[in-house]
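Results of the structural survey
This is what each chain is made of:
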There are 2 protein chains.
Amino acid sequence: MKWTKRQRQPKLKEKIAEDPFITDEALAGIFAVSVQTIRLDRLELNIPEVRERIKSVAQKQYDPVKALAEEEVIGDIVDLELDKYAISVFDVHQDHVFSRNNIIRGHHLFAQANSLAVAVINDELALTANAEVSFRKQVSSGDRVIAKAKVKSIGAARTIVHVQSFVDQTIVFEGTFSMFRDEKDNEEREEHK
Amino acid sequence: MKWTKRQRQPKLKEKIAEDPFITDEALAGIFAVSVQTIRLDRLELNIPEVRERIKSVAQKQYDPVKALAEEEVIGDIVDLELDKYAISVFDVHQDHVFSRNNIIRGHHLFAQANSLAVAVINDELALTANAEVSFRKQVSSGDRVIAKAKVKSIGAARTIVHVQSFVDQTIVFEGTFSMFRDEKDNEEREEHK
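As a starting point, this report considers the structure included with it. (Residues numbered from 1 in each chain as written. Chains lettered and ligands numbered in written order. Predicted model: local features only at pLDDT ≥ 70, side-chain atom pairs only at ≥ 80, totals over all residues. Heavy atoms only, no water.)

Here's the deal with the overall build of chain A
For chain A, the count of helices and strands is 6 helices and 6 strands. Along chain A, from the amino end to the carboxyl end, the secondary structure elements read α-α-α-α-β-β-α-β-β-β-β-α. With respect to the principal axes defined by its C-alpha atoms, chain A has extents near 60 × 40 × 30 Å. Per-residue burial for chain A yields a buried fraction of 50% across its 193 residues. In chain A, the share of contacts with a sequence separation of at least 24, taken over all contacts with a separation of at least 6, comes to 60%. Here chain A displays about 9800 Å² of accessible surface, and carbon together with sulfur accounts for 48% of that area. Each charge class in chain A can be summarised by its mean position, and for the 28 positive and 32 negative side chains these summaries are 9 Å apart. (Helix = DSSP H or I, 4+ residues; strand = E, 2+ residues; numbered from the N terminus. Buried < 20%, exposed > 50% of the residue type's maximum accessible area, 1.4 Å probe, protein only. Contact = heavy atoms within 4.5 Å. Areas by Shrake-Rupley, 256 points an atom, 1.4 Å probe, with all protein chains shown as cover. Lys, Arg positive; Asp, Glu negative; His and termini not counted. Charge placed at Lys NZ, Arg CZ, Asp CG, Glu CD.)

Overview of the sheet that holds strand β4 (residues 144–154) of chain B
Taking strand neighbours across the sheet as the criterion, the 12 strands line up as β1(A)-β2(A)-β4(A)-β5(A)-β6(A)-β3(A)-β3(B)-β6(B)-β5(B)-β4(B)-β2(B)-β1(B) in an open arrangement whose pairing is antiparallel. Looking at which strands have only one partner, the edges of the open sheet turn out to be β1 (76–81) of chain A together with β1 (76–81) of chain B. Taking each pair of neighbouring strands and ignoring which way they run, the sheet shows an average axis angle of 20 degrees. Both strand β5 (residues 159–167) of chain B and strand β6 (residues 170–181) of chain B contribute to a ladder of 9 bridges, which runs antiparallel. If you follow B:Gln164 over to β6(B), its bridge partner there is B:Glu174. Most of the contacts of helix α5 (residues 106–119) of chain A go to strand β6 (residues 170–181) of chain A, to which it runs at about 45 degrees, and overall it touches β1, β2 (85–91), β3 (126–135), β4 (144–154), β5 (159–167) and β6 of chain A together with β3 (126–135) of chain B. (Pairing = 2+ DSSP bridges. Axes fitted to C-alpha atoms, helices over the stretch in contact; angles between N-to-C directions.)

Overview of the nonpolar core
Ranked by size, the top nonpolar core spans 77 residues in total, and within it A:Val133, A:Val161, A:Phe177, B:Val133, B:Val161 and B:Phe177 carry the most contacts. Apart from residues lying up to four places away in sequence, B:Val133 is in contact with A:Phe110, A:Ala129, A:Asn130, A:Ala131, B:Phe110, B:Phe173, B:Glu174, B:Gly175 and B:Phe177. (Core = buried A, V, L, I, M, F, W, Y, C linked by side-chain atoms within 4.5 Å.)

Some details on the packing of aromatic side chains
A full pass over the atoms with the stated rule returns 9 aromatic pairs over all chains. For the pair A:Phe110 and B:Phe110, a centre-to-centre distance of 3.8 Å together with 5 degrees between the ring planes defines the contact as stacked. On the criterion of chain membership, the pair formed by A:Phe110 in helix α5 and B:Phe110 in helix α5 (residues 106–119) is interchain, its members lying in two chains. Both residues of the pair, A:Phe110 and B:Phe110, count as buried. Counting every residue linked through ring pairs, the aromatic cluster contains A:Phe110, A:Phe135, A:Phe173, A:Phe177, B:Phe110, B:Phe135, B:Phe173 and B:Phe177. The residue whose ring lies beneath A:Lys148 is A:Phe166, and the NZ or CZ to ring-centre distance is 5.4 Å. (Phe/Tyr/Trp six-rings, centres within 6.5 Å; stacked < 30°, edge-to-face > 60°. Lys NZ or Arg CZ within 6 Å of the ring centre and 35° of its normal.)

Focus: the relation of the copies chain B and chain A
The transform that puts chain B on chain A rotates by 179 degrees and translates by 0.0 Å along the axis, for an RMSD of 0.2 Å. Both copies of the chain, as the preceding transformation shows, are related through a two-fold rotation axis. The C-alpha atom lying nearest the rotation axis in chain B is that of B:Glu132; the distance is 2.2 Å. A high fraction, 100%, of the interface residues of chain B reappear at the interface in chain A, so the copies pair face to face through one surface. (Least-squares fit on C-alpha atoms with pLDDT ≥ 70 in both.)

Here it is, written out as structure tokens:
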């Protein structure tokens, strides 16, 4: 079903409010119109393009990364609450994909998710002990990957972090990371309880 | 127990024959002598240094990589038999480690192992479906990581590749990779059986 502009524009606004990271290409797919139409809709509705929307989210306050230098995170962190959750955005370029089929090399998705799992830990030291990962759907050059990390449990020995990565709201990668954190620091926390 | 030079040198020769990738530092540890002593032993025995030994192994014939461009493999392939096994060497530099503790970032070990699991596949297309990995011991800048991939099973849907990575014969990383390969190609192979 094709909507008229009057029907489409409020739905478009809603969609972008739900998912500020959605691209014009994805919106064009959803509304079965051209990318150019989506751009004109955004202009009329005064909604900035996705890159600007991400920047404005990123400029909001979030917790500072502790376990590594923020520039060591693969992708850009756009939200973070230590020991709770974190979100990062990674734009896939030509140098991240296999030359012959344009499909992303798995270790880049792993790196984004793993560094986010490190970043979410509220400790000076966090190392990955083990990980179970699935590559669910092919990701290509030009895709924007949104990784969402959630801390599932904080045990004495390990912290479990679950990461799901999406392109246009379709899951492309999923991983469970078992993280080791600085014990001394944990003991201190125990003492301060 | 400390050996005399005459006792040590034949054992040293044997050790290097067993593991051509072993470093002078590791040999010094094994024989409880200084690195300088090992260098002098090698000179007297006319055994080239580890880098030259690796090169000479690498110049031997091995199967050409099929599933990706060889320069896309992380580390240097030194041996490969398609659908059987593969070995690669990866030297850890300052830009592979966390700035604050000099420990390797997990995704580099993952990348070496994962790209080797792709390289070992005897198909034009090989993609990682899922992986279970453990980071067993910390690896630092200056370490040389030897990854050994073995093809465990080739099923209709998935090929299972087991990778173990070592520094000085101590296991540092282990992973099981479930690989998807080009189905069309598999069918063709079936037909030619």
